[in-house]
Amino acid sequence: MRIVAKGLTYTYNPRSPFAVQALKGVDITIEEGEFFGIIGHTGSGKSTFLQHLNALVRLTGGYLKVGEYDLSSKKCDVLGLRAKVGMVFQYPEYQLFAETVEKDVMFGLKNFCRDMGEEEMRSAVREALETVGLDYEEVRDRSPFELSGGQKRRAAIAGVIVTKPEVLILDEPAAGLDPLGKKEIMQLLHGIHGGWCKTVVIVSHDMDEIAENCTRAAVFSEGKVVMEDTPAAIFARSDELLLLGLDIPVTAKCARILKERGIALDTDFTSDDLIRKVLAAYAARKEGRGC
Amino acid sequence: MEAVRLENVKFAYREGEGSYAVNGVTLSVEEGEFVAVLGRNGSGKSTLAKMINALLIPTEGRAIVFGLDTADEKNTFEIRKSAGMVFQNPDNQTVASIVEDDVAFGPENIGLPREEIGRRIGFALDAVGMSAFRSATPSRLSGGQKQRIAIAGVLAVLPKIMILDESTAMLDPKGRREVMDVVKKLNKERGMTVIFITHFMDEALEADRAVVMHRGETVMDGTPREIFSRSDELEMYGLALPRAAYISKKLAEGGMPVGGAFRAEDLAEEICASLQKA
Ligand SMILES: Nc1ncnc2c1ncn2[C@@H]1O[C@H](COP(=O)(O)OP(=O)(O)OP(=O)(O)O)[C@@H](O)[C@H]1O
Ligand SMILES: Nc1ncnc2c1ncn2[C@@H]1O[C@H](COP(=O)(O)OP(=O)(O)OP(=O)(O)O)[C@@H](O)[C@H]1O
Ligand SMILES: [Mg+2]
Ligand SMILES: [Mg+2]
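Going along each chain's sequence as written, the residues are numbered from 1 onward. Both sets of labels track the order of writing: A upward for chains, 1 upward for ligands. For a predicted model such as this one, the threshold for reporting local features is a pLDDT of at least 70, and the threshold for listing and counting side-chain atom pairs is 80 or more; totals across whole chains, interfaces and linings nevertheless cover every residue. Only hydrogens and water are set aside; all other atoms, that is, all heavy atoms of the structure, feed into the side-chain values.

Novice: Break down the sheet that holds strand β4 (residues 60-65) of chain B for me, with residues and values.
Specialist: Strand pairs in the sheet, formed through backbone hydrogen bonds, run parallel or antiparallel to each other. Residues and elements named next belong to chain B. Spatially, four strands are ordered β2-β1-β4-β5 in an open sheet, and the strand pairing comes out antiparallel. Unpaired on one side and paired on the other, β2 (22-30) and β5 (68-69) mark the two borders of the sheet. Pairing between two strands is assigned when DSSP locates at least 2 bridges connecting them. Comment: elements are numbered from the N terminus, with helices defined as DSSP H or I runs of at least four residues and strands as E runs of at least two. Bridge count for β4 against β5 is two bridges, and the pairing is antiparallel. Bridge pairing in β5 places V65 opposite L68. Contacting β1 (2-11), β2 and β4, helix α1 (residues 45-52) crosses the sheet at an angle of about 125° to β1. Two residues form a contact once any of their heavy atoms are found within 4.5 Å. In this analysis an axis means a line fitted to C-alpha atoms, helices contributing only their contacting stretch, and an angle means the value between N-to-C directions, from 0 to 180 degrees.

Here it is, written out as structure tokens:
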């Protein structure tokens, strides 16, 4: 499903003294098949935008179409949309609610996959929990609120992937995960991306994560999209990003300093690529060909 | 002076179950130390932190904060006053419906005079870059904004020990830098003891000391650089090298005479040097 937003606006508490315009005309196109990243300073409208994608926030201004679902139309089939677009919230606590982890993860199935039998559901829940690195037997009967922070996040992700939505939207999915957990979640997302999950959209404050994982990305600032491009092209504009209060990946910082020293590397800012290019430059110099 | 002493502390959420979230930790933190606590999800970091400010009382062993035993209820108020904690989820921290009142809660609680409370609110909101949100409603803020308010609430108390439980997880890079800077400043200038739980290896580099937890126990304890030089062990505990150190290691494995960089700047320096020598 292709996601197209044009001139999307949104104001919290409109016509009140507390009115805050969170989106000021967002234009963005996410093609089916992308692994799309969203970055932007605190309060720039990332979560507000995401919540539009599965109608958690009602569209009030502008145009938004997700696949065949036109969110600007009153007739939009919201339940149908939500079955296809799964959303993992910024704070897992907003997502978890049932008495046990098993019931929590099963909730989505009961809602969206009504024709599944109880046994089939159980095994789907087990599979989802194990995919996110939780031990089914150990956590199934526990309250989700008695899990550690990172375990809660894993449970929340399981509750969304269990229904196999075609589009996965994750608001800072790796926040609170340990380094190995971060790596595993990214591997998990790449593993399902291209299979039943066609499109992944993640929000992240970790520039390295965006550089390593995304096909394209958008930069939000003050309720607007100010850049939309490949990570390589975005992180090449490091001065602008720093001005926006953002950062650049470690790879880009390193490449920037090397460039000042007259060593230009044509890298896409993934670690692997930087390592390859530096080693190639080193080999070339050793052979005396210079570079 | 010793700020925190944990003597073989254990904690079980359900008694008699035989499984301990913290399983026999002995740790001493000197006043003025800046300690990073690392470890996998579920390794017991938050549980340990909550034992330091008497939110949880050890099932076994003793937790002593500035000479006071947390198990003695008479000490609870004094301990909470000296050890302020920012929780992992800011929603567990917000108490008032207006940002300003929320930040005032801590200073009011310890009985500071009015004018001082006013100054503290100003200082704390400024430190986290949220002065413009004084009269906003915490529940109506973005994720990162909420987290900044939670940090301000503890900063306003200027506790002797500040415990930050993954308090920068949802912040943008600038916000993370700002929080780190203010915490470091308080640590340097006022000798505030800092216990900083984080999954960001780059943040751990800024501490004087890093402690790694694994399955309820402390398994590594040393300067961050010492700890990051033991990369095999780190990996065993589900941790990783800071990215610059990882790249440096890979370059060395690829035959370049580099190694030892932890930050992007150092990495660039060593690459430059070895390219020039080649
Ligand atoms: N429920 C709400 N009521 C009123 N204003 C809100 C609400 N939620 C968010 N806002 C405001 O809308 C703006 C955009 O918030 P949003 O949550 O979309 O930001 P974000 O980019 O996700 O930020 P973060 O990185 O901190 O999560 C902010 O100024 C915020 O204060
Ligand atoms: N309220 C609770 N009731 C029961 N068990 C709990 C509770 N809170 C945590 N636990 C369990 O205790 C263990 C340690 O949890 P703790 O929250 O201390 O981990 P942590 O190191 O802070 O992890 P994270 O990095 O995910 O925040 C985990 O196995 C967790 O599931
Ligand atoms: Mg957000
Ligand atoms: Mg924790």
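Novice: Residues and numbers for the site of ligand 2, please.
Specialist: Around ligand 2, 19 residues are found, and the nearest of them are S148(A), G150(A), Q151(A), K45(B) and T47(B). It suffices for a single heavy atom of a residue to lie within 4 Å of a molecule or strand for the residue to be listed as near it. Nearby residues place ligand 2 at the junction of chains A and B. Here a polar contact means two N or O atoms within 3.5 Å. Within protein one must be a hydrogen donor candidate and the other an acceptor candidate, and residues neighboring in sequence count only if both atoms are side-chain atoms. Here an oxygen atom of ligand 2 sits 2.7 Å away from a polar atom, N or O, in the side chain of R142(A). S46(B) is positioned with one of its side-chain polar atoms (N or O) 2.8 Å from an oxygen atom of ligand 2. Per-residue and other accessible areas follow the Shrake-Rupley method at a 1.4 Å probe size, with only the shown protein chains counted as cover for residues. For ligand 2, the accessible surface in isolation is 640 Å², of which the surrounding protein chains cover 87%. If you list the elements that add at least two residues to the shell around ligand 2, you get α6 (149-161) of chain A together with α1 of chain B. Each residue belonging to the shell around ligand 2 can be placed in one class, and the counts come to two nonpolar, twelve polar and five charged. Classification convention: Asp, Glu, Lys, Arg as charged; Ala, Val, Leu, Ile, Met, Phe, Trp, Tyr, Cys, Pro as nonpolar; all other residues, Gly among them, as polar.

Novice: Break down the site of ligand 1 for me, with residues and values.
Specialist: Lining the immediate environment of ligand 1, one finds 21 residues, of which K46(A), T48(A), S142(B), G144(B) and Q145(B) sit closest. Per-site note: the chains with residues close to ligand 1 are chains A and B. Contact distances for ligand 1 include 3.0 Å between an oxygen atom and a backbone N or O atom of G45(A). The contact in question runs from an oxygen atom of ligand 1 to an N or O atom on the side chain of T48(A), over 2.5 Å.

Novice: Account for the coordination of the magnesium ion (ligand 4), with residues named and values stated.
Specialist: Residue and element names in this part refer to chain B. For Na, K and Ca the donor cutoff is 3.2 Å, while for all other metals N, O and S atoms must lie within 2.8 Å; water is not among the atoms, so some sites may look incomplete. Here the magnesium ion (ligand 4) is held by S46 (OG) and Q88 (OE1), and the distances to it run 2.0 to 2.5 Å. Of the two residues, S46 sits in helix α1 while Q88 sits in the loop between β6 (83-86) and α3 (99-109), which places them 42 residues apart along the sequence. Under the scheme applied here, a residue whose accessible area is under 20% of the maximum for its type counts as buried, over 50% as exposed, and between as partly exposed, the area being computed with a 1.4 Å probe on protein chains only. Owing to a relative accessible area of 18%, S46 belongs among the buried residues under this scheme.

Novice: I'd like a description of the side chain of T47(B), backed by residues and values.
Specialist: Within the secondary structure, T47(B) is located in helix α1. For T47(B), the residues in contact, after removing those within four places along its chain, are F11(B), Y13(B), A21(B), V22(B) and L56(B).

Novice: Please provide a residue-by-residue account of unusual backbone geometry, values included.
Specialist: With phi around 45°, E222(A) is a residue other than glycine that occupies positive phi space. With respect to the helices and strands, the residue E222(A) is situated in the loop between β9 (216-221) and β10 (224-229). According to the relative accessible area criterion, E222(A) is exposed, its value standing at 52%. A positive phi is found at A54(B), a non-glycine position, where the angle reads about 65°. Position of A54(B) relative to the elements: it lies in the loop between α1 and β4.

Novice: Just give me the short version of the sheet that holds strand β4 (residues 61-66) of chain A, but keep the residues and values in it.
Specialist: Residue and element names in this part refer to chain A. Spatial ordering of the open sheet is given by β2-β1-β4-β5, a layout of four strands whose pairing is antiparallel. Since the sheet does not close on itself, it has two edges, and those belong to β2 (20-30) and β5 (69-70), each with one partner. Note: strand β1 (residues 3-12) against β4, five bridges, orientation antiparallel. Note on β4: the bridge partner recorded for I3 is V66.

Novice: Describe the interface of chain B and chain A, and please don't skip the residues or the numbers.
Specialist: The extent of an interface is frequently quoted as the accessible surface area lost upon association of the parts. Listed by partner, the interface residues are 51 residues for chain B and 53 residues for chain A. Reported buried area values correspond to the accessible surface (1.4 Å probe) lost by two parts on association, with both partners' losses combined. Between chain B and chain A the total buried area reaches about 4,200 Å² when both faces are included, carbon and sulfur atoms providing 62% of it. Salt bridges are defined as contacts in which a side-chain nitrogen from Lys or Arg sits within 4 Å of a carboxyl oxygen from Asp or Glu. Linking chain B to chain A there are five salt bridges. As a salt-bridge pair, R261(A) and E269(B) come within 2.7 Å of each other at their nearest N and O atoms. Sorting the residues of the side of chain B that touches chain A by element identifies α5 (143-155), α6 (173-190), α10 (243-253) and α11 (264-277) of chain B as the ones contributing at least two each. Looking at the side of chain B that touches chain A, its residues break down into 22 nonpolar, 16 polar and 13 charged.

Novice: Explain the coordination of the magnesium ion (ligand 3) to me, using residue names and the numbers behind them.
Specialist: Residue and element names in this part refer to chain A. Surrounding the magnesium ion (ligand 3) are the protein donor atoms S47 (OG) and Q90 (OE1), which sit 2.0 to 2.2 Å from the metal. Of this pair, S47 sits in helix α1 (residues 46-53) while Q90 sits in the loop between β6 (85-88) and α3 (101-112), and the two are 43 residues apart along the sequence. Exposure class is identical for S47 and Q90. Each is buried.

Novice: Kindly report on the side chain of R154(A), identifying the contributing residues and their values.
Specialist: Tracing the backbone through its elements, the reader meets R154(A) in helix α6. Sequence-distant contacts of R154(A), defined by excluding residues within four places in its chain, comprise V132(A), G133(A), L134(A), L177(A), D178(A), G181(A), E184(A), R40(B) and N41(B).

Novice: Mind laying out the packing of aromatic side chains, listing which residues take part and the relevant values?
Specialist: Ring geometry is summarised as follows: Phe, Tyr and Trp rings, the Trp one being its six-membered ring, pair when their centres sit within 6.5 Å, and such pairs are stacked at plane angles under 30 degrees, edge-to-face over 60 and tilted between the two. What the rule picks out here adds up to seven aromatic pairs over all chains. Ring geometry for F11(B) and Y13(B): centres 4.9 Å apart, planes at 80°, overall edge-to-face. Residue classification places F11(B) among the buried residues on the basis of a relative accessible area of 9%. Judged by relative accessible area, Y13(B) falls into the exposed class, the value being 51%. The ring of F200(B) has K182(A) sitting right over it, with the charged end atom 4.5 Å from the ring centre. Should the NZ of a Lys or the CZ of an Arg lie within 6 Å of a ring centre and within 35 degrees of the ring normal, that charge is described as sitting over the ring.

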